[in-house]
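Residue strings, one per chain:
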Amino acid sequence: MSNLDRAPVPSLCGGRGFVVAEPVRELLSPRLVKLGESTEVRRLLPNLGRRMIGAWAFVDHYGPDDIADEPGMQVPPHPHMGLQTVSWLHEGEVLHRDSTGSLQTIRPKQLGLMTSGRAISHSEESPKSHARFLHGAQLWVALPDEHRHTEPGFEHHPDLPTVTAPGLTATVILGNLDGSASPGTTFTPIVGADLALTRGADVRLPLEPDFEYGVLAMSGETHVDGVPVLPGSMLYLGCGRTELPLRAESDAGIMLLGGEPFAEELIMWWNFVGRTQDDIKQARQDWMSGSRFGEVKGYDGDPLPAPELPTVPLKPRGRVR
């Protein structure tokens with residue numbers, strides 16, 4: 001997934017100085033962003049008040065959109081470095097192509113996981129013949145320094161483990177939840193799970209006290225530790241929790257995102273995660289010159305040009321503004 005903003009603001013992320021080391025209830029509101037010609041997304045991370053949750057550094061929620069008579073998602077080839085992308089759908093399909101030669105249609109409750117490592121490029125589009133509705137989330141995971149230059153690759157996992165309780169089915173997207181582990185490759189202690197709750201469900205989900213967590217509401221209304229969380233919003237929960245009370249006021253879907261607080265300070269600009277201004281400057285130059293990021297074959301259209309770099313110096317700082 002690309003950040004298509006033509007004037008992207010550098011996000012200065014990471015470092016543990018601003019991690020909330022105790023349980024909190026911080027409701028994050030989204031920023032509306034146009035993605036391509038026909039898709040509008042709600043951006044929850046990076047947020048004005050919170051940049052990361054564990055290694056999760058970017059969260060977009062979109063839909064449900066009626067695209068019966070529209071092209072749907074149309075994101076031209078664009079580059080990534082220093083991160084993983086997670087494609088997650090509740091409705092619809094997304095066709096993924098990348099410069100390693102991957103070609104894969106991703107469907108609801110299937111994990112599309114792309115590791116950019118040192119450099120990759122990809123495109124995302126709704127197939128020409130597609131379902132009426134498109135609804136999902138696109139997320140980025142920052143890679144730690146020792147793995148950010150790894151070889152690029154793509155994984156598709158159509159079958160993922162689940163955790164069940166009365167009124168709850170949790171699909172483990174990344175990491176481990178209550179003893180069930182996703183097959184997706186990870187590089188930091190992390191968890192991502194999709195939780196489907198039936199109306200009236202009242203459960204307590206086990207958590208790791210050393211992780212910080214957030215909950216993204218996808219559909220319905222869920223009370224998360226007593227706080228109503230509606231679709232398109234996210235509740236940041238801090239650290240220090242051993243369990244999370246959930247109560248569904250309707251049939252609902254939420255995503256649990258968490259992980260060990262990310263220690264390194266990062267610069268995130270456009271579709272790149274780096275450590276210095278030179279990292280970002282070189283990546284932009286390599287993309288515009290057609291080197292390093294490879295070629296996405298089979299996409300009907302031109303690659304996405306990079307925006308101009310900001311005139312102010314890019315320096316890594318902390319996790320919150």
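Residues numbered from 1 in each chain as written. Predicted model: local features only at pLDDT ≥ 70, side-chain atom pairs only at ≥ 80, totals over all residues. Heavy atoms only, no water.

(A) Examining the overall build of the protein more closely. Of regular secondary structure, the protein possesses one helix and 26 strands. For 321 residues, the compact-globule estimate of 2.2 N^0.38 gives 20 Å, and the C-alpha radius of gyration of the protein, at 18 Å, lies within 12% of that figure. Here the C-alpha coordinates of the protein stretch approximately 55 × 45 × 30 Å along the principal axes. The burial tally for the protein puts 58% of its 321 residues in the buried class. Put simply, of all contacts in the protein between residues at least 6 apart along the chain, 74% involve residues at least 24 apart. Where the 29 positive side-chain charges of the protein centre and where its 41 negative ones centre are 5 Å apart. (Helix = DSSP H or I, 4+ residues; strand = E, 2+ residues; numbered from the N terminus. Rg over C-alpha atoms; globule rule 2.2 N^0.38 Å. Buried < 20%, exposed > 50% of the residue type's maximum accessible area, 1.4 Å probe, protein only. Contact = heavy atoms within 4.5 Å. Lys, Arg positive; Asp, Glu negative; His and termini not counted. Charge placed at Lys NZ, Arg CZ, Asp CG, Glu CD.)

(B) Main features of the UniProt feature "domain: Pirin N-terminal" (unreviewed entry) in the protein. According to UniProt, the feature "domain: Pirin N-terminal" (unreviewed entry) maps to residues 41-141 in the numbering used here. The span residues 41-141 is 0% helical and 60% strand by assignment, and the distance between its end C-alpha atoms comes to 18 Å. (UniProt positions renumbered as here; feature names shortened; annotations may be inferred.)

(C) Inspection of the environment of Glu26 at higher detail. Turning to its location among the elements, Glu26 is positioned in strand E2 (residues 23-28). Note: C-alpha distance between Glu26 and Val227 (201 residues apart in sequence) is 9.5 Å. When neighbours within four sequence positions are excluded, Glu26 is seen to be in contact with Gly49, Arg50, Met234, Leu235 and Tyr236. Among the polar contacts made by the side chain of Glu26, one reaches the side chain of Arg50 at a distance of 3.3 Å. (Polar contact = N/O pair within 3.5 Å; in protein donor to acceptor, adjacent residues only side chain to side chain.)

(D) A look at the sheet that holds strand E20 (residues 222-224). Pairing is antiparallel in the open sheet, where four strands are placed in the order E18-E23-E20-E21. The sheet terminates laterally at strand E18 (202-206) and strand E21 (227-229), the two strands that pair on one side only. Across this sheet, the average inter-strand angle for adjacent strands is 30 degrees, counted without regard to direction. Sheet topology note: the E20/strand E23 (residues 243-248) ladder contains three bridges and is antiparallel. Among the inter-strand pairings, His223 is bridged to a residue of E23, identified as Arg247. (Pairing = 2+ DSSP bridges. Axes fitted to C-alpha atoms, helices over the stretch in contact; angles between N-to-C directions.)

(E) Expanded view of the pattern of salt bridges. The full count for this structure, using the stated rule, is 15 salt bridges. The salt bridge involving Arg132 is made with Asp66; its shortest N-O contact spans 2.8 Å. Remark: Asp66 occurs in strand E5 (residues 56-66) and Arg132 occurs in the loop between strand E11 (120-125) and strand E12 (133-142); sequence separation between them is 66 residues. In this structure, Arg148 and Asp145 form a salt bridge, with 2.7 Å as the shortest nitrogen-oxygen distance. A relative accessible area of 12% places Arg148 in the buried class. For Asp145, a relative accessible area of 39% gives the class partly exposed. Each of Arg25, Asp225 and Arg241 takes part in a single network of salt bridges with overlapping partners. (Salt bridge = Lys/Arg side-chain N within 4 Å of Asp/Glu carboxyl O.)

(F) The arrangement of the UniProt feature "domain: Pirin C-terminal" (unreviewed entry) in the protein in detail. According to UniProt, the "domain: Pirin C-terminal" (unreviewed entry) feature falls on residues 193-292. Across residues 193-292 one finds 13% helix and 51% strand; the C-alpha atoms that close the span lie 33 Å apart.

(G) Looking closely at the environment of Asp286. One can find Asp286 in helix H1 (residues 277-289). Beyond its immediate stretch of four places on either side in the chain, Asp286 contacts Ser291, Arg292 and Phe293.

(H) Examining the side chain of His90 more closely. Mapped onto the elements of the fold, His90 is located in strand E7 (residues 83-91). Separated by 2.6 Å, the side chains of His90 and Asp194 make a polar contact.

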